[in-house]
Amino acid sequence: LELKEQEHKELKEYCDLKGIIYFCTPCDVPSVELLERINCPFYKVASRDLSNDLLLNKLSKIDKPIIISTGMADYDEIDHAISILNKPKNKLIIMQCTSQYPCSFDNVNLNVIKTLKDKYGYATGFSDHTPGVLASVIATIMGAVVIEKHITLDKLMKGTDQPGSLEEQELSQLVKEINIAKRVIGSSEKS
C-alpha cells in the first residue's frame, strides 16, 4: 500500500522501459509531492477522497489530467470535487464504480456511465471490480473511454481484490475483446 520514493522511481523507470504509463492514486499532499518529483503524468482520485479538500486543492494547481472514481460518492460529493479540481474537459475523466469487492453483476449499474457524461460533460470510464471481462467490454460499448481492472498473479491469493481481478491470460482476453467490441460498434453511418 505504500512505497518509498526510490521504489516509485524504480517502478516508473521499468514501466518507461516497457512502454507502460506509470501513475498513482495519491491520498495526501506529501504523496502528490513525491509523485511530482518522479514526474507522474496524471493522477487518480479515489472515491473516498472526493471530499479531501487538501488533496483536491493540491491537484487543482497541477496542470495534469485527473481521473476521479465515484464508487462511494453521491452527486453532491462529485460536484464538490469537480468544482475544486476545476479542470477543463480534456483533463478530467469520471469513473463509474461500485465499491464492492468483488462486485456482483446486479450492482454494476453501467447506465451511470451515460448519466455522468450527460450530467457533467466530461469523458467517462469504468472501474470494474466484477469477475471476468464482460462488464468492461459492455462499458466500452456504452462509451467508457477508460477501463480500470485490477490484475493479480493468482486469484487464490489472500485479499478482497483477488476474485474480481484478472490473471495475465484474462487481461490479454480483455484487451482483445475490447478491441473487437470497438470494431463491432462501427460507425453511425448506415451502409
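Owing to the predicted nature of the structure, the values given are computational and were not obtained by experimental measurement.

**Student:** Lay out the pairing of strand β4 (residues 123–128) with the relevant residues and their values.
**Tutor:** Across the 6 residues that make up β4, a large majority, 5, are buried. Pairing between strand β3 (residues 92–97) and β4: 5 bridges, direction parallel. Across the sheet, residue Ile-93 finds its bridge partner in β4, namely Ala-123. Taken together, β3, helix α5 (residues 112–120) and β4 constitute a β-α-β crossover, and its handedness is right-handed. Taken together, β4, helix α6 (residues 134–141) and strand β5 (residues 147–149) form a β-α-β motif whose crossover is right-handed.

**Student:** How would you explain a nonpolar patch on the surface if you had to name every residue and give the values?
**Tutor:** Where nonpolar side chains cluster on the molecular surface, the patch consists of Leu-134, Ile-138, Ile-141, Met-142 and Ile-185 and spans about 420 Å² of accessible area. Examining the composition of the nonpolar patch, we find that 3 residues originate from one element, α6, more than from any other. Mapped onto the secondary structure, Ile-185 falls in helix α7 (residues 168–185).

**Student:** Tell me about helix α1 (residues 5–18), and name the residues and values.
**Tutor:** In this model, α1 (14 residues) spans 20 Å end to end at C-alpha, consistent with the 20 Å of a helix rising 1.5 Å per residue. Phi turns positive, to about 75 degrees, at Gly-19, one or two residues after α1.

**Student:** So what's going on with the sheet that holds β5? Which residues, and what values?
**Tutor:** An order of β1-β2-β3-β4-β5 is seen for the 5 strands of this open sheet, with the pairing classed as parallel. For this open sheet the edge positions go to β1 (43–45) and β5, each flanked by a neighbour on one side alone. Strand-to-strand twist in this sheet, taken as the mean axis angle between neighbours without regard to direction, amounts to 25 degrees.

**Student:** An account of the packing of helix α2 (residues 29–37) against helix α3 (residues 53–60) is requested, with residue identities and associated values reported.
**Tutor:** Running from N to C, α2 and α3 cross one another at 25 degrees; their axes reach a closest spacing of 9 Å. Our classification of the angle between α2 and α3 gives roughly parallel. From α2, Val-29, Val-32 and Glu-33 reach across to α3, where they touch Leu-54, Leu-55, Lys-58 and Leu-59. Looking at the contact of α2 with α3 residue by residue, the class counts come to 5 nonpolar, no polar and 2 charged.

Calculation rules
- Residues numbered from 1 in each chain as written.
- Predicted model: local features only at pLDDT ≥ 70, side-chain atom pairs only at ≥ 80, totals over all residues.
- Heavy atoms only, no water.
- Buried < 20%, exposed > 50% of the residue type's maximum accessible area, 1.4 Å probe, protein only.
- Helix = DSSP H or I, 4+ residues; strand = E, 2+ residues; numbered from the N terminus.
- Pairing = 2+ DSSP bridges.
- Right-handed = clockwise from strand over helix to strand, strands pointing away.
- Patch = residues over 30% accessible without salt bridge, like charges linked within 9 Å, V, L, I, M, F, W, Y side chains within 5 Å.
- Areas by Shrake-Rupley, 256 points an atom, 1.4 Å probe, with all protein chains shown as cover.
- Salt bridge = Lys/Arg side-chain N within 4 Å of Asp/Glu carboxyl O.
- Expected span 1.5 Å × (residues − 1).
- Axes fitted to C-alpha atoms, helices over the stretch in contact; angles between N-to-C directions.
- Parallel < 35°, antiparallel > 145°, perpendicular 65-115°, else oblique.
- Contact = heavy atoms within 4.5 Å.
- Nonpolar A, V, L, I, M, F, W, Y, C, P; charged D, E, K, R; others polar.

Coordinates in, geometry out; function isn't part of it.
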